[in-house]
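Now for the letters of each chain:
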Amino acid sequence: MSSTPVIGVLALQGDVREHFAALAAAGAETRTVRRPEELAEVAGLVIPGGESTTISKLALAFGLMEPLRARVRAGLPVYGSCAGMIMLADKILDPRAGQETVGGIDMIVRRNAFGRQNESFEAPLEVRDVEGGPVEGVFIRAPWVESAGARAETLASYEGHPVAVRQDALLATSFHPELTGDHRVHALFVDMVRAAAV
């Protein structure tokens with residue numbers, strides 16, 4: 001098994017380039033994913049931040065939603081940051097009309113829970129499974145986990161709300177580690193992809 005897994009970044013909308021850089025620094029080969037045939041070629045996937053309603057609509061328009069759901073059910077490791085966390089939630093507390101998710105993590109999320117763009121902030125977070133001290137969490141119109149089922153493991157919380165969760169091969173954060181130059185969260189995900197491929 002290659003120690004350099006091929007990880008795609010869902011390139012429909014959002015901060016794709018920053019995830020490419022973080023994944024490469026963490027030892028992965030990266031690809032853009034916009035079509036089902038590109039999804040079929042990757043061993044893991046990142047769903048970046050952006051606007052969750054837009055990502056949902058584009059995934060449906062590009063014919064990606066059902067293939068994504070099928071691969072998640074089959075055990076594809078996926079990491080979602082910010083809007084990506086919303087896409088991995090089984091349920092959204094306050095969805096926009098027609099908004100769908102890929103699902104896979106037994107959690108209910110609240111969109112824009114920490115406020116609007118001008119209320120963005122940074123905070124140090126202790127993240128379980130990430131060694132080396134706190135991770136700087138960049139929160140931009142970020143969701144939080146309103147409630148999580150027994151299988152969803154909380155890795156980090158902020159002011160009592162889960163902001164990093166893991167369930168099986170799925171990882172989600174409310175914050176944007178790709179914007180900080182600290183690649184430890186991406187390294188955790190790359191390790192999850194390697195483990196899933198064994």
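Structural notes, computed from the coordinates. Owing to the predicted nature of the structure, the values given are computational and were not obtained by experimental measurement.

Let us look at the pairing of strand β8 (residues 135-139). Counting buried positions over the 5 residues of β8 gives 4, a clear majority of the element. In terms of strand pairing, strand β7 (residues 121-125) meets β8 through 5 bridges, oriented antiparallel. Among the inter-strand pairings, Ala-123 is bridged to a residue of β8, identified as Gly-137.

Summed over the entire model, instances satisfying the criterion amount to 5 aromatic pairs. Measuring from ring centre to ring centre gives 5.3 Å for Phe-121 and Tyr-158, while their planes differ by 35°; the resulting arrangement is tilted. Taken as a pair, Phe-121 in strand β7 and Tyr-158 in strand β10 (residues 153-158) lie far apart in primary sequence, 37 residues in all. Given a relative accessible area of 22%, Phe-121 falls into the partly exposed group. Seen in terms of ring centroids, Phe-139 and Tyr-158 are 5.7 Å apart; in terms of plane orientation they differ by 35°. Their pairing is tilted. A residue pair is termed long-range when its members are at least 10 positions apart, and Phe-139 in strand β8 and Tyr-158 in strand β10 qualify at 19 residues. A network of ring pairs unites the aromatic residues Phe-121, Phe-139, Tyr-158 and Phe-175 as a single cluster.

Quick look at the pattern of salt bridges now. Taken as a whole, this structure holds 13 salt bridges when the rule is applied. As a salt-bridge pair, Glu-100 and Arg-69 come within 2.8 Å of each other at their nearest N and O atoms. Remark: Arg-69 occurs in helix α4 (residues 65-73) and Glu-100 occurs in the loop between β5 (89-92) and β6 (105-110); sequence separation between them is 31 residues. Residue class for Arg-69 comes out buried when judged on its relative accessible area of 16%. Close ionic contact of Glu-153 with Arg-128 constitutes a salt bridge, the shortest N to O distance being 2.4 Å. Within this pair, whereas Glu-153 is found in strand β10, its partner Arg-128 is found in the loop between β7 and β8, the two being separated by 25 residues in sequence. Take Arg-128: its relative accessible area is 44%, and that puts it in the partly exposed class. Each of Glu-29, Arg-31 and Glu-41 takes part in salt bridges that share partners, so that together they form one network.

So, how was this worked out
- Residues numbered from 1 in each chain as written.
- Predicted model: local features only at pLDDT ≥ 70, side-chain atom pairs only at ≥ 80, totals over all residues.
- Heavy atoms only, no water.
- Buried < 20%, exposed > 50% of the residue type's maximum accessible area, 1.4 Å probe, protein only.
- Helix = DSSP H or I, 4+ residues; strand = E, 2+ residues; numbered from the N terminus.
- Pairing = 2+ DSSP bridges.
- Phe/Tyr/Trp six-rings, centres within 6.5 Å; stacked < 30°, edge-to-face > 60°.
- Salt bridge = Lys/Arg side-chain N within 4 Å of Asp/Glu carboxyl O.

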